Amino acid sequence: MEPRISIITLGVQDLKASFEFYSELGFPSSKTPEDGIIFFKTGGVCLALYPLDALAEDVSPDFKAVKAGFSGITLAHNTRSKQEVDKVLTLAAKAGGKIEKPAQDVFWGGYSGYFSDPDGYLWEVAYGDCWEFNDDGSLVID
C-alpha cells in the first residue's frame, strides 16, 4: 500500500449547515448540498462531508451513527505565521465554530489553538517556526 490519505470524510448532521461553515472558511467546492456529498479541494487531501447516518450505513447496516464526546481525532490546519493562527480562529468563530482553546504558545514550541465545527469535529490551528510548505500548501515532512 502506498502511504497516503486521499479523502477525509466527516459524517455531519446537517449537510447544508456544514457546507456553509466550511465555505465561509474558504474551502472551495464544485458540489452543493443538493448533490448529497461535498468534496472540498485542499492542499494534498480532499475533505468530504456526508450525512452521518448515511455514512454509518455505508460502512455496514450494523454500524450505528453514535457521536458523543471526544473521538480521539483532531484535524490540523498549519499556518505560516502566528498572526494567521489568530486570523483563522477568528474566522472559524464568525462562521459559527466554537473556540475550544484560544491560541497560545504551546509546549512543543509552537503557537496553536482549537476550534470545533458545527458537528463538534476538532481542528487545531497551529504555527511552528521550523515548518516548511510545499507549493500546494501541504506541510513538508522529513
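Worth saying up front: this structure is predicted, and the values here are computed from it rather than measured. (Residues numbered from 1 in each chain as written. Predicted model: local features only at pLDDT ≥ 70, side-chain atom pairs only at ≥ 80, totals over all residues. Heavy atoms only, no water.)

1. Remarks on the sheet that holds strand E6 (residues 111–116)
Inference 1: Spatially, E4-E7-E6-E5 is the arrangement adopted by the four strands of the open sheet, whose pairing is mixed. At either end of the open sheet lies a strand with only one pairing partner, and these are strand E4 (74–79) and strand E5 (98–105). Each strand axis lies, on average, 15 degrees off the axis of its neighbour in the sheet, ignoring direction.
Inference 2: Against the sheet, helix H3 (residues 82–94) contacts E4, E5, E6 and strand E7 (122–127), and its axis sits at roughly 10 degrees relative to E6. (Pairing = 2+ DSSP bridges. Helix = DSSP H or I, 4+ residues; strand = E, 2+ residues; numbered from the N terminus. Axes fitted to C-alpha atoms, helices over the stretch in contact; angles between N-to-C directions. Contact = heavy atoms within 4.5 Å.)

2. Considering the packing of aromatic side chains
Inference 1: In this structure the tally under the stated criterion is 10 aromatic pairs.
Inference 2: Plain terms: the ring middles of Tyr-22 and Phe-40 are 5.9 Å apart, the flat faces sit at 45 degrees to each other, and that makes the pair tilted. One end of the pair, Tyr-22, is in helix H1 (residues 15–24); the other, Phe-40, is in strand E2 (residues 38–40), and 18 residues separate them in sequence.
Inference 3: According to the relative accessible area criterion, Phe-40 is buried, its value standing at 0%.
Inference 4: Where Phe-115 meets Trp-123, the ring centres are 6.1 Å apart and the plane angle is 5 degrees; that geometry is what we call stacked.
Inference 5: Overall, Trp-123 belongs to the buried group, its relative accessible area being 8%.
Inference 6: Taken together, Phe-19, Phe-21, Tyr-22, Phe-27, Phe-40, Phe-115 and Trp-123 form an aromatic cluster joined through their ring pairs.
Inference 7: The cationic tip of Arg-80 hangs over the ring face of Phe-133; the distance from NZ or CZ to the ring centre is 4.5 Å. (Phe/Tyr/Trp six-rings, centres within 6.5 Å; stacked < 30°, edge-to-face > 60°. Buried < 20%, exposed > 50% of the residue type's maximum accessible area, 1.4 Å probe, protein only. Lys NZ or Arg CZ within 6 Å of the ring centre and 35° of its normal.)

3. Points about the pairing of E6
Inference 1: Buried residues dominate E6, accounting for five of its six residues.
Inference 2: Alignment of E5 against E6, held across five bridges, turns out to be antiparallel. Paired with Lys-98 across the strands is Ser-116, a residue of E6.
Inference 3: In this structure, the hairpin formed by E5 and E6 is closed by a connection of five residues, where Gly-109 is found at a positive phi of approximately 100 degrees.
Inference 4: Direction of pairing for E6 relative to E7: antiparallel, over a ladder of six bridges. Bridging from a neighbouring strand, Tyr-114 pairs with Glu-124 of E7.
Inference 5: In this structure, the hairpin formed by E6 and E7 is closed by a connection of five residues, where Gly-120 is found at a positive phi of approximately 90 degrees.

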